[in-house]
Amino acid sequence: LQVTSIMSIVQSPFWLTNAFIIYFVDSDSGSTVMMGVYTVAGPLLATFILGILISVFFGVTTFVFFKRNTAQCNTFAQCVTEHVIAGLYMGDIGQVYEGGSELLFQEIPEVAFQRPSNSSKMFTLLSFYLIWNFIYLNIFIGLISSAFEESRRHKAIKIKDLASKCLVCSRDAHEFDHRRLGGFKHHLTAEH
């Protein structure tokens, strides 16, 4: 793992992918991450699709209402694509508008409500930020944390089963501890 990490710095970033593969296959924490992702793969995919739909909705809104105020929205497909890329990649669709969200939010006290287009753009951007940052990203965080909790629970159950049941004959440890000389440990080492 260390060699591939060093090779990724010295020679090519390709080696970094090799290091990630080694990490996810060989290490205990990497396999825990993979198990967590595998556990919630369906809901994660559905949440990703929801993110695309949110970005498409705001792309359609921008194309219909603010087409003249954006440099990147000459066509419908271009506007929606810009919103999907900006939304999924950066979580900020403000860059689609001329001057970006910084310019729009700097105008809030002075001229934001003098022109209806500015107040509408501001409301659209704030709606996107609220939906994206407080709802959408928390869905991702909730899915990932519940996946790790589930994988920890499965791991704890496996450890408990290893200590309390024979894997060969599926009998409980207390049967051997009360009925046989040497108990459960003797059964595991001598009888199997």
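What comes next is a walk through the structure. The shown structure was predicted, so the numbers you read here are calculated from the model rather than taken from an experiment.

Tracing the sequence through the fold places T61 in helix 4 (residues 41-65). A relative accessible area of 15% places T61 in the buried class. Setting aside its immediate chain neighbours within four residues, T61 contacts F66 and T124.

Enumeration according to the criterion identifies three salt bridges in this entry. A salt bridge links E150 to R153; the shortest N-O distance between them is 2.6 Å. Residue E150 and its partner R153 are located together in helix 7 (residues 116-164), separated by three residues, close to a single helical turn. With relative accessibility at 43%, the residue R153 sits in the partly exposed group. One salt bridge connects R171 with E175, and the closest N-O pair in it is separated by 3.8 Å. For R171, a relative accessible area of 34% translates into the label partly exposed.

We now examine the layout of surface pockets. Reported here for the largest pocket is a volume of approximately 160 Å³. Lining the largest pocket are D28, S31, T32, M35, S151, R152, H154, K155 and K158. For the lining of the largest pocket, the secondary-structure elements that each account for two or more residues are helix 3 (28-39) and helix 7. Per-element tally for the lining of the largest pocket: the top contributor is helix 7, with five residues.

Our focus in this paragraph is the packing of aromatic side chains. Scanning all chains against the criterion turns up nine aromatic pairs. Centre to centre, the rings of Y23 and F24 are 5.1 Å apart; their planes meet at 65°, and the pair counts as edge-to-face. Accessibility expressed as a relative area gives 27% for Y23, which makes it partly exposed. Classification of F24 by relative accessible area gives partly exposed; the value is 29%. Pairing F63 with F76 gives two aromatic rings, centres 5.5 Å apart and planes at 80°, and the pair type is edge-to-face. Highlighted residues: F63 in helix 4 and F76 in helix 5 (residues 76-90), separated in sequence by 13 residues. Its relative accessible area of 43% is what places F76 among the partly exposed residues. Through a chain of ring-to-ring contacts, three or more aromatic side chains come together here, namely F57, F58, F128, Y129, W132, Y136 and F140.

A word on the packing of helix 1 (residues 2-10) against helix 2 (residues 14-26). In contact at an axis separation of 7 Å, helix 1 and helix 2 are set at 160° when each is read in the N-to-C sense. Viewed along their axes, helix 1 and helix 2 adopt a mutual orientation that is roughly antiparallel. Crossing angle aside, the handedness with which helix 1 passes helix 2 is left-handed. Only W15, L16, N18, A19 and I22 of helix 2 make contact with helix 1, whose side of the interface consists of T4, S5, M7 and S8. For the contact of helix 1 with helix 2, the class distribution of residues is five nonpolar, four polar and no charged.

Conventions we followed
- Residues numbered from 1 in each chain as written.
- Predicted model: local features only at pLDDT ≥ 70, side-chain atom pairs only at ≥ 80, totals over all residues.
- Heavy atoms only, no water.
- Helix = DSSP H or I, 4+ residues; strand = E, 2+ residues; numbered from the N terminus.
- Buried < 20%, exposed > 50% of the residue type's maximum accessible area, 1.4 Å probe, protein only.
- Contact = heavy atoms within 4.5 Å.
- Salt bridge = Lys/Arg side-chain N within 4 Å of Asp/Glu carboxyl O.
- 1 Å grid on protein atoms, 1.4 Å probe; cavity = no way out; pocket = protein on both sides within 12 Å on 5 of 7 lines; lining within 4 Å.
- Points joined across faces, edges and corners; volume = space filled by probe spheres on them.
- Phe/Tyr/Trp six-rings, centres within 6.5 Å; stacked < 30°, edge-to-face > 60°.
- Axes fitted to C-alpha atoms, helices over the stretch in contact; angles between N-to-C directions.
- Parallel < 35°, antiparallel > 145°, perpendicular 65-115°, else oblique.
- Left-handed = near helix turned anticlockwise from the far one by under 90°.
- Nonpolar A, V, L, I, M, F, W, Y, C, P; charged D, E, K, R; others polar.

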